[in-house]
Amino acid sequence: MLVDSGADISIITRSFGELFGHNVEKGKPIQFEGIGKEEITAYIHKMNLRIGKHEIEIDVAIANNDDVAYNVLGRKDIFNLFEIQFKNKDESTHFIK
């Protein structure tokens, strides 16, 4: 997933959500604008996420289709738990609890 400090919530494609066993339409529906101001229909689900040795439960928007450009890790439930360091020189991202 791409870490996106400009994204309010994490979003993944429909096929990625189904891969993890989610029935997409059973989530809470949401409409929002994505890259290029295109409107996206998605459904909010709770998912467990492992970052290093830490496992947390986060809200994830699962898109209604696979037209989302990237699976994105957004701010909600993540940025308040970790200090995130982007190191361009090393081409690395570090999550510090």
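Residues numbered from 1 in each chain as written. Predicted model: local features only at pLDDT ≥ 70, side-chain atom pairs only at ≥ 80, totals over all residues. Heavy atoms only, no water.

## Details of the overall build of the chain
Next, step 1: Check the secondary structure of the chain and you find 1 helix and 8 strands.
Next, step 2: Considered along the principal axes of its C-alpha atoms, the chain spans approximately 40 × 30 × 20 Å.
Next, step 3: Taking all 97 residues of the chain together, the buried fraction comes to 33%.
Next, step 4: Contacts in the chain between residues at least 24 apart in sequence constitute 47% of all its contacts with a sequence separation of at least 6.
Next, step 5: When the accessible area of the chain is evaluated, it comes to approximately 6500 Å², of which 47% is carbon and sulfur surface. (Helix = DSSP H or I, 4+ residues; strand = E, 2+ residues; numbered from the N terminus. Buried < 20%, exposed > 50% of the residue type's maximum accessible area, 1.4 Å probe, protein only. Contact = heavy atoms within 4.5 Å. Areas by Shrake-Rupley, 256 points an atom, 1.4 Å probe, with all protein chains shown as cover.)

## Points about the nonpolar core
Next, step 1: Within the largest apolar cluster, 14 residues are counted, with the highest numbers of intra-cluster contacts made by Leu49, Ile56, Ile58, Val60, Ile78 and Phe82.
Next, step 2: Sorting the residues of this core by element identifies β4 (39-51) and β5 (54-63) as the ones contributing at least two each. (Core = buried A, V, L, I, M, F, W, Y, C linked by side-chain atoms within 4.5 Å.)

## Description of the pairing of β5
Next, step 1: Along β5, 7 of the 10 residues are buried, which leaves the element largely enclosed by surrounding structure.
Next, step 2: Examined bridge by bridge, strand β2 (residues 10-12) and β5 share 3 bridges and lie parallel to one another. Bridge pairing in β5 links Ser10 to Val60.
Next, step 3: Pairing of β4 with β5, which is carried by 10 bridges, proceeds in the antiparallel orientation. From the neighbouring strand, Asn48 faces β5, where its bridge partner is Glu57.
Next, step 4: Hairpin connection, β4 to β5: the antiparallel pair is bridged by 2 residues, and Gly52 has positive phi, about 65°. (Pairing = 2+ DSSP bridges.)

## Thoughts on the packing of aromatic side chains
Next, step 1: On inspection of all chains with the given rule, the structure shows 2 aromatic pairs.
Next, step 2: Seen in terms of ring centroids, Phe16 and Phe20 are 5.1 Å apart; in terms of plane orientation they differ by 80°. Their pairing is edge-to-face.
Next, step 3: Sitting above the plane of the Phe82 ring, Lys97 keeps its charged end 5.3 Å from the centroid. (Phe/Tyr/Trp six-rings, centres within 6.5 Å; stacked < 30°, edge-to-face > 60°. Lys NZ or Arg CZ within 6 Å of the ring centre and 35° of its normal.)

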